[in-house]
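Take a look at the letters that make up each chain.
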Amino acid sequence: MNKAFVKEPNGDDEEDDLAQAGAIIPNFKNYIRPSGLQKLKDEMLRLLDVDRPEVVRIVSWAASNGDRSENGDYLYGKKRLREIDRRIRFLTKRIDSAVPVDPSGREGVEQVFFGATVSYEEPDGTERVVTVVGIDEVAADQGLVSWISPVSTALLKARVGDTVQIRTPQGLLAVEINDVNYDHNA
C-alpha cells in the first residue's frame with residue numbers, strides 16, 4: 001500500500017499524547033483546587049521562561065557548528081524542544097479547562113465533597129487518610145486521590161460514621177468513615 005494512505009505514528013502526534021494523558025474527555029469537568037491550578041501555572045511559566053529559552057540557546061549554538069546530522073547537541077536539543085512544547089500544549093489545555101474549587105468554604109461540613117480530607121478505617125483496623133483532589137493533583141503516596149477514583153466515588157457524599165463499600169481489585173471493601181475535614185491551605 002502507498003505510504004501516502006497510511007498513518008504512521010511519528011512520536012509528535014499531539015492529540016494522541018493528550019488523549020493518552022486523559023486530557024480530552026468530552027463533557028467532563030476538570031475540577032482542581034486553587035493550589036493545584038497554581039502548580040500547573042508555575043510549571044508552564046518555568047517551561048516558557050527558563051527551560052525552553054535554555055534549550056533554544058543550545059540548539060542555536062549547536063546548529064551554528066555545522067553538520068547537523070551527526071551533531072548530538074543539536075539532535076537531542078530538538079527532541080527536548082519538542083517534549084517541552086508538547087508539555088506546554090498539554091498544560092495550556094489543562095489550565096483552560098480547569099474549574100477551580102476552593103474547599104476551604106466548606107467549614108463545619110461532615111459530608112465528603114471535593115477537597116475533603118477523609119480518615120477511614122478498614123476492616124482489619126488499618127486507618128487511612130486521603131484527600132479528594134482533581135486529576136492533575138493526584139499523588140497516591142501523599143494520600144491525594146482523584147475525585148473520579150474508585151476510593152473517592154465511594155466516599156463522596158458519605159458522612160462521619162457511615163460505612164461505604166470501596167471497589168478494589170480484591171473485591172468490595174467495607175470501610176467506616178472516622179473524620180471529614182477541609183484543609184484551609186489547599
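One can find the structure itself at the top, above this paragraph.
A few points on the structure. (Residues numbered from 1 in each chain as written. Predicted model: local features only at pLDDT ≥ 70, side-chain atom pairs only at ≥ 80, totals over all residues. Heavy atoms only, no water.)

With 5 of 6 residues buried, strand 3 (residues 116–121) is to be regarded as a mostly interior element. Across 6 bridges, the pairing between strand 3 and strand 7 (residues 171–182) is antiparallel. Counted as the bridge partner of Thr117 is Asn181 from strand 7. Pairing of strand 3 with strand 4 (residues 127–133) involves 5 bridges; the strand directions are antiparallel. Looking across to strand 4, one finds that Tyr120 is bridged to Arg128. Adjacent in sequence and paired antiparallel, strand 3 and strand 4 are bridged by 5 residues, among which Gly125 carries a positive phi angle near 95 degrees. (Buried < 20%, exposed > 50% of the residue type's maximum accessible area, 1.4 Å probe, protein only. Helix = DSSP H or I, 4+ residues; strand = E, 2+ residues; numbered from the N terminus. Pairing = 2+ DSSP bridges.)

Our next topic: the sheet that holds strand 5 (residues 144–146). If you trace the 5 strands from one edge of the open sheet to the other, you get 5-4-3-7-6, paired in mixed fashion. Every other strand in the sheet has two partners, leaving strand 5 and strand 6 (163–168) as the edge strands with one partner each. The average undirected angle you get between the axes of adjacent strands in this sheet is 45 degrees. (Axes fitted to C-alpha atoms, helices over the stretch in contact; angles between N-to-C directions.)

The interhelical angle for the contact between helix 2 (residues 34–63) and helix 3 (residues 72–97), taken along N-to-C directions, is 160 degrees, at an axis separation of 9 Å. Between helix 2 and helix 3, the angle is such that the two are roughly antiparallel. Both helix 2 and helix 3 take part in a crossing whose hand is left-handed. (Parallel < 35°, antiparallel > 145°, perpendicular 65-115°, else oblique. Left-handed = near helix turned anticlockwise from the far one by under 90°.)

Once that is clear, we can look at a negative patch on the surface. A cluster of like negative charges, contributed by Glu110, Glu121, Asp124, Glu127, Asp162, Glu176 and Asp179, occupies part of the molecular surface. Taking the relative accessible area as the measure of exposure, Asp124 reaches 60% and is therefore exposed. (Patch = residues over 30% accessible without salt bridge, like charges linked within 9 Å, V, L, I, M, F, W, Y side chains within 5 Å. Areas by Shrake-Rupley, 256 points an atom, 1.4 Å probe, with all protein chains shown as cover. Salt bridge = Lys/Arg side-chain N within 4 Å of Asp/Glu carboxyl O. Lys, Arg positive; Asp, Glu negative; His and termini not counted. Charge placed at Lys NZ, Arg CZ, Asp CG, Glu CD.)

One finds Val112, Val118, Tyr120, Val130, Leu155 and Ile177 to be the most contacted residues of the largest nonpolar core, which totals 19 residues. The greatest single-element share of this core, amounting to 4 residues, is contributed by strand 7. If near-sequence neighbours (up to four positions away) are discounted, Val118 is found in contact with Val112, Arg128, Val129, Val130, Leu155, Ile177 and Asp179. (Core = buried A, V, L, I, M, F, W, Y, C linked by side-chain atoms within 4.5 Å. Contact = heavy atoms within 4.5 Å.)

Function-wise, these values are silent; they only describe arrangement.
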